[in-house]
Every structure is written in structure tokens, then in C-alpha cells.
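Working through the structure, step by step
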Amino acid sequence: MSTADSQQRVVSGMRPTGALHLGHLHGVLKNWVKLQHEYECFFFVADWHALTTHYGEPTIFEQNTVDMVIDWLAVGINPGSAALFVQSKVPEHAELQLLLSMTTPLSWLERVPSYKDQQEKLQEKELGTYGFLGYPLLQAADILIYRAGLVPVGEDQVAHVELTREVARRFNHIYGSEPGFEESAHAAIKKMGKKGAKLYSQLRTAFQEQGNQNSLEKAKALVAEQQNVSLGDRERLYGYLEGVGKMILAEPQSLLTPASKMPGLDGQKMSKSYKNTISLREPLEEVEKKIRTMPTDPARVRLKDPGDPGKCPVWQLHQTYSDEKIRNWVTEGCRKAGIGCLECKKPVINSVIEELEPIQKESEQYIKDPDMVRSIIAEGNEIARDRAKETLVEVRAAMGLTRW
Ligand code: TRP
Ligand code: SF4
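Residues numbered from 1 in each chain as written. Chains lettered and ligands numbered in written order. Predicted model: local features only at pLDDT ≥ 70, side-chain atom pairs only at ≥ 80, totals over all residues. Heavy atoms only, no water.

Time to look at the confidence of the model for the protein. Do not read the predicted coordinates in detail wherever pLDDT is low. Predicted confidence across the protein gives a mean pLDDT of 93, with 97% of residues reaching 70 or more. A low-confidence stretch, residues 1–6 (pLDDT under 50), is modelled with 24 contacts involving residues beyond four sequence positions or located in other chains. (pLDDT = per-residue confidence, 0-100. Contact = heavy atoms within 4.5 Å.)

Dropping the structure here:
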């Protein structure tokens with residue numbers, strides 16, 4: 001169960017393994033832009049994650065990292081609303097992974113579906129490594145270290161968030177039962193002031209005796225809004241509400257990003273490995289050329305041959321880019337052979353160019369000024385580290401590592 005104030009936190013990462021393209025824009029980035037206004041967001045370049053599969057290509061990360069952050073900025077992610085940082089610059093993630101590794105059964109990692117899937121898919125790489133097996137636990141640490149309530153991910157990552165929840169639950173179970181918990185919880189309640197304490201107790205009773213979910217939510221919100229309560233006491237207050245011990249790590253929920261409808265140039269999912277992408281930095285003449293030469297319904301050999309939009313990847317692009325009027329014009333014109341394929345592609349070409357032009361203008365500014373980008377990243381690293389340290393202090397203490 002996630003705590004109310006961590007509901008406000010969102011964490012997500014992206015691997016710096018290549019240029020961002022329209023698939024990322026429609027599948028991930030537009031969502032991030034929206035989330036940054038609704039939650040406290042932490043978006044990071046997952047360079048350690050990239051190393052788990054690309055350890056043989058150490059030269060790709062540096063440039064890809066800068067380019068990735070530039071593209072984030074260019075599409076409208078605002079460093080004032082979201083911390084943008086680089087995973088390897090926040091070593092606290094690694095320490096938390098190490099600490100969590102003590103309590104995580106090996107079998108939990110072996111049964112994560114991506115473990116076997118990726119080993120089979122990427123046969124050319126040796127992925128029987130300790131780092132690759134541990135990668136979902138690193139991801140768990142990425143999330144838990146910020147006590148994130150929500151993790152925007154695609155379908156393929158849901159199992160990792162589920163593992164994260166299990167890891168947090170086990171941790172809280174082992175380390176949340178501090179001696180004298182009941183007394184410390186009572187002391188924490190007192191710190192909420194008379195009114196707060198009374199309301200908390202009423203809501204707790206309503207939840208524990210009648211299972212009233214609404215009361216639980218209200219009580220969590222009440223705890224979240226307390227100003228004079230330390231982090232440790234907050235964990236006690238949340239844990240005491242739900243009758244578990246101290247809730248040191250918050251269990252996150254995945255926020256499923258709807259599978260992007262953005263197809264690649266061949267109608268398959270847009271992906272670097274299929275070589276069917278339009279990158280965010282694609283020169284605009286190249287965009288035009290790529291779309292002009294896209295395959296269409298093979299039935300339309302000549303202009304007078306009717307076609308079926310359902311069999312045409314260009315139609316999928318219309319679904320992302322065109323309004324109803326144009327879409328009707330396409331279906332009519334295609335089925336009755338009233339328009340030619342080049343004509344049909346024209347509005348898509350225009351829309352993609354219209355979409356990319358301002359993004360590219362923005363990114364040019366940053367490309368010209370890499371120091372500016374570096375300082376944005378440095379600032380994000382700092383913010384992330386400060387937050388990460390707060391959790392780590394609690395985790396170390398819970399595991400008995402404080403007194404030295
Ligand atoms: N594993 C994710 C991917 O390959 C990237 C990632 C790493 C991530 N850590 C994360 C996503 C934490 C969400 C939250 O796409
Ligand atoms: Fe595709 Fe349009 Fe040609 Fe029909 S007219 S086959 S939808 S490009």
C-alpha cells in the first residue's frame with residue numbers, strides 16, 4: 001500500500017542507448033510532460049541499466065546521455081517541475097540495491113519474465129551476468145529510494161514494478177517491527193496536536209474496525225500534511241494505521257502508459273532495432289523522404305486500383321496525426337481510388353514536420369550550449385541525491401548500520 005504523500009512522487013527512467021524518436025515522443029515523453037504538472041517527478045537517464053546489456057559499448061553513453069536530456073528539454077520537460085538526472089551520479093541507488101540484495105531471494109529475480117526473454121532475444125550478447133540478473137532489483141532501488149507512489153511504464157515493465165512492491169513488502173516485514181513500536185507510534189500521534197491526533201485515531205478505528213477504505217485514505221492525507229513530524233515518525237504513523245510495523249519503504253503502483261499507437265515506417269512498432277524510426281533530430285527533408293517512400297497497401301499498384309487503409313501503415317499515421325475530416329477523406333479516397341498515395345501522405349508529412357520543427361528549434365539552443373545542459377543535469381543530480389539520502393538513512397538504520 002502506498003502512502004499518501006508518496007502518491008505525489010513519480011519516478012521513471014530511460015536507457016541512453018540511442019536517439020529518441022517519434023515512438024518515444026508519443027509513447028513516453030508526452031506523458032511525462034503531463035505528469036510533471038501533476039506530481040513531483042524524478043526522470044533519469046538509466047545509464048547503469050544500459051550497462052547491464054551494453055557493457056561492451058562504453059563509448060555510447062556519454063553523448064547519448066546529453067542528447068537524451070536535450071530532447072527531454074526540447075519536448076517540454078521543465079527542469080523547474082521535474083528533477084532530471086543521471087542514475088550513475090546518484091550512487092545512493094547502488095547502495096540501496098546492495099542493501100536490498102540481502103533480503104531478496106534469488107528465485108524472485110530468476111522468474112522475472114524479461115530475464116529469460118531478453119537472454120533469448122539478444123543471443124549475440126552474453127547476458128548470464130550478475131548485473132543483468134540484478135537489473136530489476138536496481139530498478140526497484142531506483143523507485144523505492146524516492147518513495148515513489150507511481151511509476152509510468154509500458155506493459156513490458158509492469159512485472160518490474162510488481163517485484164518492487166514485493167521487495168518493499170518483505171523489507172518492511174523484516175525491518176518494520178522495531179522494538180517498542182506501539183509506544184513510538186503513540187508518541188508520534190501526540191506530535192500531531194490535539195485535533196490531529198483525535199482525527200487520526202478516529203479514522204484509524206474506522207478503517208481497522210469497519211475496513212473503511214475512505215477513512216484510510218483520509219488518514220493518510222492527514223499524515224501527509226503534518227509539518228512537525230519527522231520522517232521516521234511519519235513511517236510509524238502510516239504503518240500503525242494499517243496495522244503493519246513501520247512502513248520504511250513505500251509500495252509503488254505502476255501507471256500503465258497506453259501502448260503507443262505510433263507505428264514505424266513499416267507499420268511495425270517504431271523501434272531502433274527495426275530500423276523504421278523517425279528520430280526527433282531527423283532533418284526535415286529526410287522526414288519527407290522517409291514518409292514519401294513508406295510502403296502502402298500493396299493492392300494499390302496503379303492510381304485506379306482501390307485500396308484498404310486497414311492494410312496500410314500510412315493510415316496508422318493518420319490516426320495519430322489527422323483530424324476526422326482528413327481521415328474521412330483518406331478512407332473514401334483510398335477505397336474508391338479517388339486519391340493517390342502520395343497525395344494521401346501529404347497531410348501526414350506536414351503534421352510530422354509541424355510537430356518536429358519547434359522541437360528541433362528548441363534542441364538547437366541546447367546543442368549550442370552544452371554547459372547549460374550539464375548544469376541542468378548537475379542540479380537534478382543534487383535534488384535527487386538529497387531525496388535519496390533521506391531514504392537511505394532510514395534503511396541503514398533499520399538494518400543496523402548506523403552506529404559507526
Ligand atoms: N527498465 C526501464 C526500461 O528498460 C528503465 C528504468 C530503469 C525505469 N529504472 C526505472 C523505469 C525506474 C521506471 C522506473 O525501460
Ligand atoms: Fe495508404 Fe493512403 Fe495509399 Fe490508401 S491512399 S494505400 S491509406 S497511402
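There is more to say after this.
What follows covers the nonpolar core. Counting residues in hydrophobic clusters, the biggest one holds 51 residues, and the most contacted among them are Leu22, Leu29, Phe43, Trp72, Ile77 and Leu356. When residues of this core are sorted by domain, at least three fall in each of domain 1 (3–176 + 254–261 + 370–399) and domain 3 (281–366). With residues up to four places along the chain from it excluded, the contact list for Leu356 reads Leu22, Ile278, Ser279, Leu280, Leu284 and Val287. (Core = buried A, V, L, I, M, F, W, Y, C linked by side-chain atoms within 4.5 Å. Buried < 20%, exposed > 50% of the residue type's maximum accessible area, 1.4 Å probe, protein only. Domains from an automatic or database assignment.)

Every one of the 13 residues lining ligand 1 counts as a neighbour, but Arg15, Tyr135, Gln139, Asp142 and Gln157 are closest to it. Within the contact set of ligand 1, a nitrogen atom lies 3.2 Å away from a side-chain nitrogen or oxygen of Tyr135. With respect to ligand 1, the side chain of Gln139 contributes an N or O atom lying 3.0 Å from a nitrogen atom. Surface burial for ligand 1 is 89%, taken as the share of its 370 Å² of free accessible area covered by protein chains. Mapped onto the shell around ligand 1, the elements with two or more residues apiece are β1 (9–14), α8 (135–144) and β4 (150–153). Among the residues making up the shell around ligand 1, the classes are represented as six nonpolar, five polar and two charged. (Near = heavy atom within 4 Å. Polar contact = N/O pair within 3.5 Å; in protein donor to acceptor, adjacent residues only side chain to side chain. Areas by Shrake-Rupley, 256 points an atom, 1.4 Å probe, with all protein chains shown as cover. Helix = DSSP H or I, 4+ residues; strand = E, 2+ residues; numbered from the N terminus. Nonpolar A, V, L, I, M, F, W, Y, C, P; charged D, E, K, R; others polar.)

Another aspect to go through is the site of ligand 2. Neighbouring ligand 2 are the residues Thr296, Asp297, Arg300, Cys312, Val314, Val330, Cys334, Cys341 and Cys344. Taken together, the residues that form the shell around ligand 2 break down as six nonpolar, one polar and two charged.

Take the environment of Glu209 next. Mapping Glu209 onto the fold places it in helix α11 (residues 193–210). Separated by 134 residues in sequence, Glu209 and Val75 place their C-alpha atoms 49 Å apart.

A positive phi angle, near 50°, is found at Arg147, a position not held by glycine. Tracing the sequence through the fold places Arg147 in the loop between α8 and β4. On the accessibility criterion, Arg147 (12% relative accessible area) is buried.

Turning our eyes to something else, we now look at the packing of aromatic side chains. For any pair of aromatic rings, the description consists of the separation of the ring centres together with the inter-plane angle of the planes. Taken as a whole, this structure holds nine aromatic pairs when the rule is applied. Between the aromatic rings of Trp32 and Phe43, the centroid separation amounts to 4.1 Å while the plane-to-plane angle is 5°, which identifies the pairing as stacked. Separated by eleven residues along the polypeptide, Trp32 in helix α1 (residues 22–38) and Phe43 in strand β2 (residues 40–45) bring together distant segments of the chain. The class for Phe43 is buried, based on a relative accessible area of 0%. Considering the side-chain rings of Trp32 and Trp72, the 5.1 Å spacing of their centres and the 70° angle between planes classify their relative orientation as edge-to-face. Of this pair, Trp32 sits in helix α1 while Trp72 sits in helix α3 (residues 61–75), placing them 40 residues apart in sequence. (Phe/Tyr/Trp six-rings, centres within 6.5 Å; stacked < 30°, edge-to-face > 60°.)

Here we come to the pattern of salt bridges. Enumeration according to the criterion identifies 24 salt bridges in this entry. Notably, a salt bridge pairs Arg169 with Glu251, separated by 3.2 Å at the nearest N-O pair. Placement of Arg169 in helix α9 (residues 158–175) and of Glu251 in the loop between α13 (231–242) and β5 (253–256) is noted, with a sequence separation of 82 residues between them. Salt bridges here are not isolated pairs; linked through shared partners, they connect Arg9, Glu40, Arg387 and Glu390. (Salt bridge = Lys/Arg side-chain N within 4 Å of Asp/Glu carboxyl O.)

Right, let's talk about the packing of α1 against helix α17 (residues 341–368) for a bit. Geometry of a packed helix pair, given as the angle between the helix axes and the separation of the axes. The contact between α1 and α17 brings their axes to 12 Å, and the two run at 70°. When the interaxial angle is binned, α1 and α17 end up roughly perpendicular. In this structure, α1 contributes Leu22, Leu25, His26 and Lys30 to the contact, and α17 contributes Val352, Glu355, Leu356 and Ile359. Residues of the contact of α1 with α17, tallied by class, amount to five nonpolar, one polar and two charged. (Axes fitted to C-alpha atoms, helices over the stretch in contact; angles between N-to-C directions. Parallel < 35°, antiparallel > 145°, perpendicular 65-115°, else oblique.)

The next point concerns the packing of helix α12 (residues 213–224) against α13. As a packed pair, α12 and α13 sit with axes 10 Å apart at the nearest point and diverge in direction by 170°. In terms of axis orientation, α12 runs roughly antiparallel to α13. Every residue of α13 that contacts α12 at Leu216, Ala219, Lys220, Val223 and Ala224 is listed here: Arg234, Leu237, Tyr238, Leu241 and Glu242. Of the residues that constitute the contact of α12 with α13, the class distribution is seven nonpolar, no polar and three charged.

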